[in-house]
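Residues per chain are reported as follows:
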Amino acid sequence: MVEDRLNDGHRIAELLASEVTGHSGELERFAVTGAAQDVEPSPDGAFAYAIDRGDQRVASVFVQPERARVEFERGVDVAADAAREEGLRVRPKAVEPPRTLVFVEDGAQVKWLLPVLRAVASGESTS
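Residues numbered from 1 in each chain as written. Predicted model: local features only at pLDDT ≥ 70, side-chain atom pairs only at ≥ 80, totals over all residues. Heavy atoms only, no water.

Chemist: Got a minute to help me understand the overall build of the chain in this structure?
Modeler: Of the regular secondary structure elements, the chain holds three helices and six strands. The N-to-C order of helical and strand elements in the chain reads α-β-β-β-β-α-β-β-α. Relative to a compact globule of 127 residues, whose C-alpha radius of gyration would be 14 Å, the chain shows 14 Å and is just as compact. Burial status across the chain gives 43% buried among its 127 residues. Contacts in the chain between residues at least 24 apart in sequence constitute 51% of all its contacts with a sequence separation of at least 6. If you sum the accessible surface of the chain, you get close to 6,800 Å²; carbon and sulfur atoms cover 46% of it. (Helix = DSSP H or I, 4+ residues; strand = E, 2+ residues; numbered from the N terminus. Rg over C-alpha atoms; globule rule 2.2 N^0.38 Å. Buried < 20%, exposed > 50% of the residue type's maximum accessible area, 1.4 Å probe, protein only. Contact = heavy atoms within 4.5 Å. Areas by Shrake-Rupley, 256 points an atom, 1.4 Å probe, with all protein chains shown as cover.)

Shown next as structure tokens:
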């Protein structure tokens, strides 16, 4: 049996952008903005686009060769808890203000990030 996994950071970021822009409900409040045309993955992560809600940046998406990294700037505690519940790898970023890094390492995990965005949308005013 062949295992098909999508672990191309650029393609994972594209799938995530499609999911964010293609959903209704709480996700329709989000917009993909500032997309970098022809972004090339880098080991440190190259900026691909932002996920905004109104005029506020919620997260930035970076592409690495084998994954995408979502850096939450708002709802950082809510995002961390929700991402862990979904089985995604999470790491805090010790900057001021603090941020939460969520790693999307497979195309299937893109769907796992949607509940994280919903949780941030629901709990944003409390974090």
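Here the narrative resumes, following the displayed structure.
Chemist: Explanation requested: helix α2 (residues 76–86) in the structure shown.
Modeler: Residues spaced three or four apart along an α-helix face the same direction, because each turn holds 3.6 residues. Among the residues of α2, those classed as buried are Val76, Ala79, Ala80, Ala82 and Ala83. Against the buried residues of α2 lie β4 (67–72), β5 (89–93), β6 (99–104) and α3 (110–123). Looking one or two residues past α2, Gly87 carries a phi angle of roughly 85 degrees, positive in sign.

Chemist: Honestly, unusual backbone geometry in this entry has me stumped. Any pointers?
Modeler: One can expect most non-glycine residues to show negative phi and most peptide bonds to be in trans. Looking along the chain, the bond that leaves Glu96 and enters Pro97 is cis, with omega of -5 degrees. Structurally, Pro97 is set in the loop between β5 and β6. In this structure, Asp38 is a non-glycine residue whose phi angle is positive, near 55 degrees. Take Asp38: it is sitting in the loop between β1 (30–33) and β2 (46–53).

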